[in-house]
Amino acid sequence: MKKALVYIFLSFIILETNAQLIKKGASPIEVSNQFKFTEGPAVDKAGNVYFTDQPNNRIWKYDINGKLSLFMEDAGRSNGLFFDNEDKLISCADDKTELWSIDTKTKEVEVLLSKFENKNFNGPNDLWIAKNGYIYFTDPFYARPWWNYKEMPQAKKNVYLFKPKTNELTIVASNFVQPNGIIGDNKVIYVADIGDKKTYRYDILADGTLSERTLFCEMGSDGMTLDNKGNLYITGQGVTVFAASGEKIQNIEIPQKWSANVTFGGKKQKTLFVTASTGVYILPMKVKGIR
């Protein structure tokens, strides 16, 4: 009985503490609805958000002043994006299953990775970069119409760790149905297995490898982000927010059937930016991102 009361009390505290995530009176605002399928939002040091429209092979930019502009065409069928410590845009370039580094000032592209053990990747999908520069990315398999093959090049669908300074590439997590969204906070990392409707949490060890996985929640995700309270934002039917304990806090409804990815942007990173099918949406928040 006492344990049950303690659980209820702690749950109440979590829900009460996180009840006001969204700025009072705010609701999602549509920025644009001109795309085919939006994905991979990433925020630079200034707070500008870059995102992809993979079917149209483009990367777009939504700046801190609310201006939307086309950043890059012929974008390597980019999917997930993330900015590194040098403010280079790192892309999961799905066209040739590569990892790109894009200089946003010159638009010059450097191919960081294209193979593992002399075989193509299955298709890098989403990534997260730790403060030490280590790049973690998921490699599921979605057969693309622009590929000339329909079988997985790699035997398994893995999570990889790439250390740019030493050029080391290793598998750090495996045994997924379809790994997809990934995000971390330099202590822990979350990986969504969208194919199994589960999200797992791992501790990040000193050498960058990951601990044994623990089940975080019975929900998969296309893309994810974290706020400064440690809450995890999972996409799918809108955006579902979980406390670090795994307690579900709330669901944010988005006016599209499917929300693919999410990040925080703006000057103070207090604007939630959601890529959702043909549209993109912003939502003023009381919490902020942790870029």
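What counts and what doesn't
- Residues numbered from 1 in each chain as written.
- Predicted model: local features only at pLDDT ≥ 70, side-chain atom pairs only at ≥ 80, totals over all residues.
- Heavy atoms only, no water.
- Helix = DSSP H or I, 4+ residues; strand = E, 2+ residues; numbered from the N terminus.
- Rg over C-alpha atoms; globule rule 2.2 N^0.38 Å.
- Buried < 20%, exposed > 50% of the residue type's maximum accessible area, 1.4 Å probe, protein only.
- Contact = heavy atoms within 4.5 Å.
- Areas by Shrake-Rupley, 256 points an atom, 1.4 Å probe, with all protein chains shown as cover.
- Lys, Arg positive; Asp, Glu negative; His and termini not counted.
- Charge placed at Lys NZ, Arg CZ, Asp CG, Glu CD.
- Pairing = 2+ DSSP bridges.
- Axes fitted to C-alpha atoms, helices over the stretch in contact; angles between N-to-C directions.
- Polar contact = N/O pair within 3.5 Å; in protein donor to acceptor, adjacent residues only side chain to side chain.
- Core = buried A, V, L, I, M, F, W, Y, C linked by side-chain atoms within 4.5 Å.
- pLDDT = per-residue confidence, 0-100.
- Salt bridge = Lys/Arg side-chain N within 4 Å of Asp/Glu carboxyl O.
- 1 Å grid on protein atoms, 1.4 Å probe; cavity = no way out; pocket = protein on both sides within 12 Å on 5 of 7 lines; lining within 4 Å.
- Points joined across faces, edges and corners; volume = space filled by probe spheres on them.
- Nonpolar A, V, L, I, M, F, W, Y, C, P; charged D, E, K, R; others polar.
- Patch = residues over 30% accessible without salt bridge, like charges linked within 9 Å, V, L, I, M, F, W, Y side chains within 5 Å.

Even after reading the chapter, I still don't get the overall build of the chain, so can you show me in this structure?
Within the chain, the secondary structure is distributed over one helix and 26 strands. Here the chain has a C-alpha radius of gyration of 18 Å; the compact-globule value for 291 residues is 19 Å, and the two agree. Dimensions along the principal axes, computed over C-alpha positions, put the chain at roughly 60 × 45 × 35 Å. Buried positions account for 55% of the 291 residues belonging to the chain. For the chain, long-range pairs separated by at least 24 residues make up 47% of all intrachain contacts whose partners lie at least 6 apart in sequence. Only carbon and sulfur atoms are counted for the fraction: they give 50% of the accessible area of the chain, which is about 14,000 Å². Between the centroid of the 37 positive side chains of the chain and the centroid of its 33 negative side chains there is a distance of 5 Å.

Would you mind showing me how to read the sheet that holds strand β21 (residues 232-236) here?
Within a sheet, neighbouring strands are paired by backbone hydrogen bonds and run either parallel or antiparallel to one another. Spatially, four strands are ordered β20-β21-β22-β23 in an open sheet, and the strand pairing comes out antiparallel. Among the strands making up the open sheet, the edge pair consists of β20 (224-226) and β23 (248-252). Sheet twist, expressed as the average angle between the axes of neighbouring strands with direction ignored, equals 20°. Across four bridges, strand β22 (residues 238-242) lies against β23 in antiparallel orientation.

What exactly am I supposed to notice about the side chain of Thr-52 here?
The topology assignment puts Thr-52 in strand β3 (residues 49-53). In terms of polar contacts, Thr-52 uses its side chain to reach the backbone carbonyl oxygen of Asn-79, at 3.2 Å. Among all residues touching Thr-52, those that are not within four sequence positions of it are Phe-37, Thr-38, Glu-39, Gly-40, Arg-58, Ile-59, Ser-78, Asn-79 and Leu-81.

Just to check I follow, could you spell out the nonpolar core for this structure?
One broad trend across soluble globular proteins is that nonpolar side chains are buried collectively. Of all hydrophobic cores here, the largest spans 41 residues; its most connected members are Tyr-136 and Phe-137. The leading source of residues in this core is strand β17 (residues 188-193), at five residues. Look past the residues within four positions of Tyr-136 in its chain and what remains in contact with it is Asp-126, Leu-127, Trp-128, Ala-130, Tyr-160, Leu-161, Val-172, Ile-182, Ile-189, Ile-204, Gly-208 and Leu-210. In this structure, Leu-21, Val-239, Phe-264 and Ala-276 belong to the second largest nonpolar core, which totals 18 residues.

What's the story with the confidence of the model for the chain in this structure? I'm lost.
Caution applies to low-pLDDT parts of the model: their predicted coordinates are not meant to be read in detail. Overall, the prediction assigns the chain a mean pLDDT of 93, with 93% of residues at 70 or greater. Segment residues 2-18 is flagged for pLDDT under 50; beyond a separation of four residues in sequence, or across chains, it makes 13 contacts in the model.

Looking at this structure, I do not really get the side chain of Ser-277. What am I missing?
Residue placement: Ser-277 occurs in the loop between β25 (271-276) and β26 (279-284). Note on Ser-277: relative accessible area 14%, which makes it buried. Within the structure, Ser-277 has its side chain in polar contact with the backbone oxygen of Trp-258 (distance 3.1 Å).

For this particular structure, what's the right way to read the pattern of salt bridges?
Opposite charge on two side chains lets them pair, provided their charged atoms get close. Taken as a whole, this structure holds four salt bridges when the rule is applied. Between Glu-73 and Arg-58 there is a salt bridge, and its shortest N-O distance comes to 3.3 Å. Of this pair, Glu-73 sits in strand β5 (residues 68-73) while Arg-58 sits in strand β4 (residues 58-62), placing them 15 residues apart in sequence. Of the residues examined, Glu-73 reaches a relative accessible area of 46% and is grouped as partly exposed. Here Asp-94 ties to Arg-144 by a salt bridge, and the two come within 2.7 Å at their closest N and O atoms.

For this particular structure, what's the right way to read the layout of surface pockets?
Rolled over the atoms, a probe sized like a water molecule indicates the empty space that remains. Each pocket or cavity is described by its volume, and for the largest pocket that value is around 470 Å³. Looking at the lining of the largest pocket, the elements that each hand over two or more residues are β2 (38-43), β6 (78-83), β12 (127-129), β16 (179-184), β20 and β24 (261-265). Its residues assigned to classes, the lining of the largest pocket comprises 17 nonpolar, nine polar and five charged. Here the second largest pocket is characterised by a volume of approximately 330 Å³.

What is the right way to look at a positive patch on the surface in this model?
Together, Lys-23, Lys-24, Lys-268, Lys-270, Lys-286 and Lys-288 make up a positively charged patch on the protein surface. Of note, Lys-286 is situated in the segment after β26.

Please explain the sheet that holds strand β14 (residues 158-163) as it appears in this structure.
On the basis of which strands lie adjacent, the open sheet formed by four strands has the order β12-β13-β14-β15 and antiparallel pairing. Sheet topology places β12 and β15 (168-173) at the edges, where each strand pairs with a single neighbour. The average angle at which neighbouring strand axes cross in this sheet is 25°, direction not considered. Note that β14 and β15 share five bridges and pair antiparallel. Note that in β15 the partner of Val-159 across the bridge is Ala-173.

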